[in-house]
Amino acid sequence: MVLVAALLVPATAGADLLTPEAGPTENAVKTDTLYKIVLFIGLAVIGLVWAALFFTLFRYRARRGRVATQITGNTALELGWTIGAGAIVVAITIITYVFLPDIRDPAASGPASVAEARGQSAAVNQPPPSDDKGLEIQVSGQQYLWRYQYPNGTFSFHEMVVPRDQTVLLKIKANDVVHSWWIPKLGGKMDAVPGYTNETWFKATRNGVFDGQCAEFCGANHPYMTAKVRVVDPAEYQQWVERQKQLIAEGQRLAQEQRREIEAETAP
Amino acid sequence: MATPEYAAREPEIILHGEVGQGRAGWIDWVTTTDHKKIGILYLFTTAFFFLVGGLEALLMRIQLGSPDNTFLDPTTYSQLFTLHGTTMIFMVVVPVAAGFGNFLVPLMIGARDMAFPRLNMLSWWLLVSGGAVLYGSIFWEAPSAGWTSYAPLSGAGFLGGHGIDAWILGLHLVGISSILGAINFIATIHNMRAPGMTLSRMPLFVWTILVYSYLILLALSSFAATLAMLLIDRNFDGTFFDPTQGGDPMLWQHLFWFMGHPEVYIMVLPAFGIVSEVIPVFARKPIFGYKAMAASVAAIAFLGVMVWAHHMFATPLPLGVLGFFMVASFAVAVPTGIKIFNWIGTLWRGSIEFRVPLLFAVGLVAQFALGGMTGVMLAVFPVDWQLTDSYFVVAHMHHVLFGGSAFGIIAGLYYWFPKMSGRMLSEGLGKLSFWLMVIGFNVTFLAQYSAGLSGMPRRVSEYSGSGLTEYNVISTVGSFVLAAGALVTIYNVVRSIRKGRRAGPDPWLANGLEWFTPSPPPQHNFDVIPTVRSLQPMKDIRRSIQEREAALTVQADVTEPPSKQPEPIP
């Protein structure tokens with residue numbers, strides 16, 4: 001009763017009382033579904049165990065005249081629940097592998113987004129090229145910032161901008177210590193381990209801003225190592241890329257100017 | 001030295017030198033080789049560190065009690081969770097089992113002491129030294145890489161100073177303490193059992209201590225090497241875990257969890273053992289499925305050393321590896337389920353007396369079941385990608401280690417305190433403590449499951465509103481209720497040591513040989529080592545005493561057969 005009460009008290013706090021966050025991407029939705037199936041199996045088992053336990057405690061409480069029955073075991077019963085427990089975990093294993101491909105393997109990009117993301121013109125409904133690998137972004141974790149390197153030469157920090165309906169493949173690396181990439185609404189986390197490249201993906205079907213933060217303790221300022229993914233229209237993505245390129249070029253030009261000035265000042 | 005007189009009165013005593021005889025009180029305590037005194041020293045030491053670790057937890061809960069709080073700065077916070085985890089695991093839950101084991105194993109198996117009494121004392125001294133080194137660091141710089149101290153963060157390049165070095169040295173000392181203790185338990189249990197006590201008549205608590213000891217040998221000796229590698233990396237230009245020099249951070253994670261996961265069973269199996277002792281006594285029934293219970297302890301330990309990488313599902317590991325560790329982790333659920341069902345089977349058709357030890361034992365069964373269930377959910381690796389390193393994991397781990405281990409340990413405290421001190425703990429205070437702890441514990445940690453599901457990672461000192469505030473406020477309130485419950489038990493112990501009702505040798509009408517001795521037991525434990533004929537030797541002894549008394553009153557001149565039954569202690 002206490003447990004149920006404690007579960008229900010924060011019921012108004014958020015929609016995700018008992019389930020993980022799931023945003024508009026197939027992998028997160030499928031993870032959520034798999035989680036719910038396992039949760040329901042688990043709750044059924046737990047309900048059974050608690051019912052048996054509390055019923056027994058109530059029914060066989062010590063009272064005048066009650067004598068405990070001296071039983072030491074029951075082989076059939078014991079075999080039964082051993083096999084039962086085994087069957088449940090086999091079932092969960094099978095269910096997991098049924099769901100695994102949808103969670104792990106990147107989906108194909110939407111046709112329009114592929115074309116637009118590549119800056120090509122293509123007829124709507126034209127199937128994506130068979131060699132389509134989606135938009136590959138290098139994600140690098142460092143104390144305490146995420147850096148994103150895009151295939152078209154541009155890069156950004158903290159905020160990742162991606163086109164809608166485009167499969168985004170993330171190659172996750174770390175420059176110093178272990179970090180973990182996690183945008184809860186866009187699927188599970190993947191650790192960034194120095195010396196390794198980890199992979200995950202998402203394909204957002206709706207525009208929006210999705211927040212997350214580093215999930216592996218990476219030093220004192222770990223709580224402030226946040227990340228943001230902004231999903232926009234494919235056209236807007238192209239504009240953003242162009243603008244980002246200009247900003248980077250401008251920034252580099254300014255930096256070079258400054259360097260020249262400093263060198264001029266410090267020159268003998 | 002008063003030995004001769006004592007020995008003359010009790011000719012059968014085997015005395016271990018003259019230690020502990022005729023010395024001033026505190027000197028006697030710190031130089032004793034008596035397993036019971038060492039056991040009590042262990043229990044007081046772990047109680048002290050439990051208070052320290054609990055205080056650290058409360059400070060963290062205050063910090064998280066409101067969003068964007070500035071009560072603690074991030075560095076202090078990271079030091080607190082490092083010390084909290086390290087303390088509770090290495091300084092509390094592992095050695096508390098050694099404390100109960102020390103006091104009880106020789107009594108339960110009908111021995112006069114542990115196999116190596118001096119080694120036993122050394123173990124305690126090493127534990128205290130390890131704790132002193134770990135906490136000595138706070139006067140310079142406390143360790144701050146978490147109890148897992150993942151490389152390369154724990155390397156000298158990222159955390160200079162000597163906090164991590166103190167952590168390494170402290171854990172080395174505590175580890176050696178545990179290993180020596182484990183050797184002692186193994187030697188004692190294999191060689192010093194009373195006549196008739198075969199392995200299949202051994203109390204389940206002793207079974208769990210035996211398995212606990214083997215797991216410690218395996219896990220902590222490997223961990224000693226792991227710590228030495230980190231020490232070399234930090235201080236002697238080693239590159240085991242440094243990726244810039246060809247080392248591998250994944251190596252640390254594998255080696256750490258190769259200790260870290262068996263460590264979970266090291267912490268939980270003795271609590272299972274306590275529950276398996278308590279439930280039959282208060283249900284007035286023998287344990288249900290004794291052999292399955294003993295076998296499942298061994299099975300959990302065996303499977304438990306093959307599941308370490310389920311802590312690493314989000315790292316770059318091949319899919320086949322993930323699948324193996326998922327299935328292996330599931331497999332642990334089967335023997336664990338057997339234990340839970342057998343405990344319910346023990347209660348079934350019993351005559352259940354709701355004394356405080358039973359309440360805490362049943363608390364373990366109910367709460368560990370939930371912790372086990374969330375453990376299965378975490379073992380589903382695609383789901384784990386969403387849940388790992390979030391507050392869901394924090395909640396799961398506390399459901400297993402607090403709702404499980406700690407509740408079992410407190411059940412053991414209420415159950416054996418009369419044997420240790422000769423006095424009963426207050427039932428009323430015990431029940432108050434139980435309900436405060438059950439409510440406080442579940443409110444604290446059920447809210448944390450939801451915080452994790454809503455996207456809160458673990459080990460963050462701050463969070464911004466966005467739906468996390470409510471869960472954290474609830475959790476903080478719960479943690480203070482939990483702390484109040486724990487304080488009631490501590491007050492109960494302090495009060496009952498002097499003022500508790502006298503217990504007598506066998507206040508619960510229990511089953512184990514430990515109840516055959518007076519409370520507290522004399523240094524030599526038994527005047528006569530009894531012969532064991534069943535799983536419940538004390539029940540046999542009580543019955544034979546009753547039969548004899550009945551025979552004596554009815555027929556004073558009855559000629560008894562030459563008795564192999566032990567005489568009751570006057």
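Residues numbered from 1 in each chain as written. Chains lettered and ligands numbered in written order. Predicted model: local features only at pLDDT ≥ 70, side-chain atom pairs only at ≥ 80, totals over all residues.

Things to note about the overall build of chain B
So, point 1. Each helix and strand in chain B was counted, giving 16 helices and zero strands.
So, point 2. Against the globule reference of 25 Å for 570 residues, chain B gives a C-alpha radius of gyration of 24 Å, in line with a compact fold.
So, point 3. Projected onto the principal axes, the alpha-carbon positions of chain B cover approximately 85 × 50 × 45 Å.
So, point 4. Relative to its full complement of 570 residues, chain B shows a buried share of 62%.
So, point 5. Here the contacts in chain B between residues at least 6 apart in sequence split such that 81% fall between residues at least 24 apart. (Helix = DSSP H or I, 4+ residues; strand = E, 2+ residues; numbered from the N terminus. Rg over C-alpha atoms; globule rule 2.2 N^0.38 Å. Buried ≥ 20, exposed ≤ 12 C-beta atoms within 10 Å, placed from the backbone. Contact = placed C-beta atoms within 7 Å.)

What to know about the overall build of chain A
So, point 1. The helix and strand tally for chain A stands at five helices and 10 strands.
So, point 2. Considering chain A as a whole, with its 268 residues, one finds that 35% of them fall into the buried category.
So, point 3. In chain A, the share of contacts with a sequence separation of at least 24, taken over all contacts with a separation of at least 6, comes to 67%.

What about the domain arrangement of chain A?
Where interface size is given, it is often the accessible area lost as the parts come together that is meant.
Residue and element names in this part refer to chain A.
So, point 1. According to the domain assignment, chain A consists of domain 1 (23–62 + 74–105) and domain 2 (112–263).
So, point 2. Between domain 1 and domain 2, the contact holds seven residues from the first and 11 residues from the second.
So, point 3. Among the residues making up the side of domain 1 that touches domain 2, the classes are represented as two nonpolar, four polar and one charged. (Domains from an automatic or database assignment. Nonpolar A, V, L, I, M, F, W, Y, C, P; charged D, E, K, R; others polar.)

Thoughts on the sheet that holds strand 5 (residues 168–174) of chain A
All names here are of chain A.
So, point 1. Taking strand neighbours across the sheet as the criterion, the five strands line up as 3-2-1-5-8 in an open arrangement whose pairing is mixed. Where the open sheet ends on each side, the last strands, each with one partner, are strand 3 (155–157) and strand 8 (198–202). Direction aside, neighbouring strands of the sheet carry axes that sit 25° apart on average.
So, point 2. Strand direction decides the pairing type here: strand 2 (residues 145–149) and strand 3, joined by three bridges, are antiparallel. When the sheet's bridge partners are listed, Gln 149 is paired in strand 3 with Phe 155. (Pairing = 2+ DSSP bridges. Axes fitted to C-alpha atoms, helices over the stretch in contact; angles between N-to-C directions.)

A word on the interface of chain A and chain B
So, point 1. In this complex, chain A contributes 77 residues to the contact, which on the side of chain B involves 79 residues.
So, point 2. Elements represented by at least two residues in the side of chain A that touches chain B include exactly helix 1 (2–8), helix 2 (26–59), helix 3 (75–104) and strand 7 (190–192) of chain A.
So, point 3. At 14 residues, helix 2 of chain A tops the list of elements feeding residues into the side of chain A that touches chain B.
So, point 4. A per-class count over the side of chain A that touches chain B returns 46 nonpolar, 22 polar and nine charged.

Points about unusual backbone geometry
Residues and elements named next belong to chain B.
So, point 1. Looking along the chain, the bond that leaves Ala 151 and enters Pro 152 is cis, with omega of 0°.
So, point 2. Note on placement: Pro 152 falls in the loop between helix 5 (117–136) and helix 6 (163–191).
So, point 3. Looking along the chain, the bond that leaves Ser 519 and enters Pro 520 is cis, with omega of -10°.
So, point 4. Relative to the assigned elements, Pro 520 resides in the loop between helix 15 (469–499) and helix 16 (537–554).
So, point 5. Residue Asp 68 is not a glycine yet carries a positive backbone phi of 50°.
So, point 6. Note that Asp 68 resides in the loop between helix 3 (35–64) and helix 4 (74–109).
So, point 7. Classification of Asp 68 by C-beta neighbours within 10 Å gives exposed; the count is 9.
So, point 8. Look at Asp 389: it is not a glycine, yet its phi comes out positive at around 60°.
So, point 9. Judged by C-beta crowding, with 23 C-beta atoms within 10 Å, Asp 389 ranks as buried.

Digging into the environment of Ser296(B)
So, point 1. With respect to the helices and strands, the residue Ser296(B) is situated in helix 9 (residues 290–304).
So, point 2. Taking the C-alpha atoms as reference points, Ser296(B) and Met420(B), separated by 124 residues in sequence, lie 29 Å from one another.

Some details on the sheet that holds strand 4 (residues 159–163) of chain A
All names here are of chain A.
So, point 1. If you walk across this open sheet you meet the three strands as 4-10-9, and the pairing is mixed. The open sheet has two free edges, formed respectively by strand 4 and strand 9 (208–213), since each of these has just one partner strand. Each strand axis lies, on average, 20° off the axis of its neighbour in the sheet, ignoring direction.
So, point 2. Both strand 9 and strand 10 (residues 226–232) contribute to a ladder of six bridges, which runs antiparallel.

Examining helix 14 (residues 427–453) of chain B
For an α-helix, 3.6 residues make a turn, and residues three or four places apart therefore share a direction.
So, point 1. An ideal rise of 1.5 Å per residue puts 39 Å on 27 residues; helix 14 of chain B measures up with 39 Å between its terminal C-alpha atoms.
So, point 2. Counted residue by residue, helix 14 of chain B has 20 buried out of 27 residues, so it is predominantly covered. (Expected span 1.5 Å × (residues − 1).)

Description of the packing of helix 6 of chain B against helix 7 (residues 204–235) of chain B
When two helices pack together, their arrangement is given by the angle between the helix axes and by the axis-to-axis distance.
All names here are of chain B.
So, point 1. Contact geometry for helix 6 and helix 7: axes closest at 8 Å, N-to-C directions at 150°. The angle between the axes of helix 6 and helix 7 places the two elements in the roughly antiparallel class. In this structure, helix 6 meets helix 7 at a crossing whose hand is left-handed.
So, point 2. Grouping the amino acids of the contact of helix 6 with helix 7 by side-chain chemistry returns 20 nonpolar, five polar and two charged. (Parallel < 35°, antiparallel > 145°, perpendicular 65-115°, else oblique. Left-handed = near helix turned anticlockwise from the far one by under 90°.)

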